[in-house]
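# Commentary on secondary and tertiary structure
Spelled out, the chains give:
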Amino acid sequence: LTESSCPSCKKSTVFIIITKDGHDEGENADTYIYDVQASKHLINQIESLPNIPKDLIRAYRSAINVHQTRENSATAVMSKRVIESILKHFLKEKSKGQPLSQQLEVLPTHVDLAKPIQSLSQLLATEGPLHKMLELETEMDYETTSLLVDLLENIIDYLFVLPGKIEVTHSKIAKKFN
């Protein structure tokens, strides 16, 4: 186990060197790069979600790959393809022939952005089991508390982190072009 800079992104990463029995490190060693943050990378999260189109996942993976190789033009092309795939998924045929800016303008009329939050009202209904657990009227097991913490993280991400990240990125892009 050793730590060094990744040759691609230059960030510090952990390298795991596995040797065959009875051999010292050297030609017979296999080296693996362990990314502690890998499970938090968006690509690893979206691949397991059932409602994301496969072409979107492929396009996003390609955009990430070309970005990591510092292929700026290819990154721009693949980024546009990702945005088009997202919009096509939600707007269907209404996306044809429309500029991306217009498609983004009408996107909220085709996606119920409030639904994820509103669906929580059913979970927290006054006579529901989760409400009773939150009010300490019934016991909560560890699995349920883990799910509850996941829910808290998701609510915070949805309401604060994601809008904040979009706003910061928007500001940086706008500043770059002004």
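Refer to the structure above for everything that follows.
The rules behind each value
- Residues numbered from 1 in each chain as written.
- Predicted model: local features only at pLDDT ≥ 70, side-chain atom pairs only at ≥ 80, totals over all residues.
- Heavy atoms only, no water.
- Helix = DSSP H or I, 4+ residues; strand = E, 2+ residues; numbered from the N terminus.
- Buried < 20%, exposed > 50% of the residue type's maximum accessible area, 1.4 Å probe, protein only.
- Areas by Shrake-Rupley, 256 points an atom, 1.4 Å probe, with all protein chains shown as cover.
- Salt bridge = Lys/Arg side-chain N within 4 Å of Asp/Glu carboxyl O.
- Core = buried A, V, L, I, M, F, W, Y, C linked by side-chain atoms within 4.5 Å.
- Contact = heavy atoms within 4.5 Å.
- Axes fitted to C-alpha atoms, helices over the stretch in contact; angles between N-to-C directions.
- Parallel < 35°, antiparallel > 145°, perpendicular 65-115°, else oblique.
- Left-handed = near helix turned anticlockwise from the far one by under 90°.
- Nonpolar A, V, L, I, M, F, W, Y, C, P; charged D, E, K, R; others polar.

### Structural notes on the overall build of the chain
The helix and strand inventory of the chain stands at 8 helices and 3 strands. Helices and strands appear in the chain in the N-to-C order β-β-β-α-α-α-α-α-α-α-α. Counting the 178 residues in the chain, one finds 16% classified as buried. Of the roughly 14,400 Å² of accessible surface on the chain, 57% is carried by carbon and sulfur atoms.

### Regarding the pattern of salt bridges
Opposite charge on two side chains lets them pair, provided their charged atoms get close. For the structure shown, the criterion picks out 3 salt bridges. Note that Lys 80 is salt-bridged to Glu 84, the shortest N-O span being 3.7 Å. A residue pair is termed a helical-turn pair when its members lie 3 or 4 positions apart in one helix, as Lys 80 and Glu 84 do in helix α3 (residues 72-91) at 4 residues. Judged by relative accessible area, Lys 80 falls into the partly exposed class, the value being 45%. Residues Glu 93 and Lys 96 are paired through a salt bridge, measuring 3.5 Å at the closest nitrogen-oxygen approach.

### As for the nonpolar core
Ile 43, Ile 46, Ile 52, Leu 56, Ile 57, Ala 59, Ala 63, Val 66, Met 78 and Val 82 together form the largest nonpolar core, which totals 10 residues. Elements that contribute at least two residues to this core include exactly α1 (42-46), α2 (54-68) and α3. Those residues in contact with Met 78 that sit more than four places away from it in its chain are Ala 59, Ser 62, Ala 63 and Val 66.

### Considerations on the packing of α2 against α3
Angle between the axes and distance between the axes: these two values describe a pair of packed helices. The N-to-C vectors of α2 and α3 enclose an angle of 160 degrees; their axes lie 8 Å apart at closest approach. Accordingly, the angle class assigned to the pair α2 and α3 is roughly antiparallel. Handedness of the crossing formed by α2 with α3: left-handed. Contacts from Asp 55, Leu 56, Ala 59, Tyr 60, Ser 62, Ala 63, Val 66 and His 67 of α2 reach α3 at Ala 74, Thr 75, Met 78, Ser 79, Arg 81, Val 82, Ser 85 and Ile 86. Its residues assigned to classes, the contact of α2 with α3 shows 9 nonpolar, 5 polar and 2 charged.

Everything listed here is a matter of geometry and, on its own, says nothing about what the molecule does.
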